Amino acid sequence: MDQTVTSDPVLKIKAGWRRPGSSEGRNMARKPCAMPMHVEDIKAELRKRYGSLASISRQLGLNPNALTAAIHKPGNSVRSERRIAELLEKAPHEVFPDRFHKDGTPISRVVDRKPTCRIPDRLRANGVAA
């Protein structure tokens, strides 16, 4: 008797459930998000709408800890971060502005390891250039 509604492309929602805010509050203007959403706000919003994070992860075909890891560890999974934003019906840069550019491309987490200045020979162990 477990019927699911497949009209939601992101997540199958059990029949009888409704998305909060789907029809109510559409006419209200949203102010731009300058600060990132707090981790607990993201988790609370997902729990209110869909249930536990582990069950959402399983329904998306991911490891049960995938969404938790994506929320807490920046750059862990860009795909999961985008799915979280889709579930919250927001753009990725609105949920994670420190992880995404305004156009939706992820911010690189690779550190440039090139030295900015040349090390003097007197500071080298053997005094010879490498």
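Reference entry: report on the structure contained in this document. Residue indices begin from 1 for each chain and proceed along its sequence in written order. Predicted model: local features are reported for residues with pLDDT of at least 70 only, side-chain atom pairs are reported and counted for 80 or more only, and whole-chain, interface and lining totals are derived from all residues. Water and hydrogen atoms play no part in the side-chain values, which are based on all heavy atoms of the structure.

## Some points on the overall build of the protein
Put simply, the rule reads: Helix and strand definitions follow DSSP, with helices as H or I runs of at least four residues and strands as E runs of at least two, each counted in order from the N terminus. Buried residues are those whose accessible area, probed at 1.4 Å on protein chains only, stays under 20% of the maximum for their type, while exposed residues exceed 50% and partly exposed ones sit between those limits.
Counting its secondary structure elements, the protein contains 5 helices and 2 strands. Secondary structure of the protein in N-to-C order comes out as β-β-α-α-α-α-α. Here the protein holds 130 residues, and 25% of them are scored as buried.

## Comments concerning helix 1 (residues 39-50)
Put simply, the rule reads: Under the convention used throughout, the expected extent of a helix is 1.5 Å for every residue step, that is, one less than its residue count. The arc in question is formed by the directions pointing from the helix axis toward the C-beta atoms.
Between the first and last C-alpha of helix 1 there are 16 Å, a value that for 12 residues agrees with the 16 Å anticipated at 1.5 Å per step. Every buried residue of helix 1 is listed here: Ile 42, Lys 43, Leu 46, Arg 49 and Tyr 50. Burial along helix 1 is one-sided: seen end-on, the buried residues are contained in an arc of 140 degrees. Two residues or fewer past helix 1, Gly 51 is found with a positive phi of approximately 110 degrees.

## Focus: the nonpolar core
Quick reminder of the rule: Only buried residues count toward a nonpolar core. Its members are Ala, Val, Leu, Ile, Met, Phe, Trp, Tyr and Cys residues joined through side-chain atoms within 4.5 Å. Contacts were defined at the residue level, with two residues in contact if any of their heavy atoms lie within 4.5 Å.
By size, the foremost hydrophobic cluster in this structure holds 17 residues, and its most contacted members are Ile 42, Leu 46, Ile 56, Ile 84, Leu 88 and Val 95. For this core, the secondary structure elements donating two or more residues are helix 1, helix 2 (53-59), helix 3 (66-72) and helix 4 (78-87). Leave out the neighbours within four places in its chain, and Leu 46 touches Gly 51, Leu 53, Ile 56, Ile 71, Ile 84, Leu 87 and Leu 88.

## Observations concerning helix 4
What helix 4 keeps buried is the set Ser 80, Glu 81, Ile 84, Ala 85 and Leu 87. Viewed along the axis of helix 4, the buried residues span an arc of 160 degrees, placing them on a single side of the element. Check the buried side of helix 4 and you find it contacts helix 1, helix 2, helix 3 and helix 5 (92-95). Directly after helix 4, the chain includes Glu 89, whose backbone phi takes a positive value near 60 degrees.

So yeah, pure geometry; function would need other evidence.
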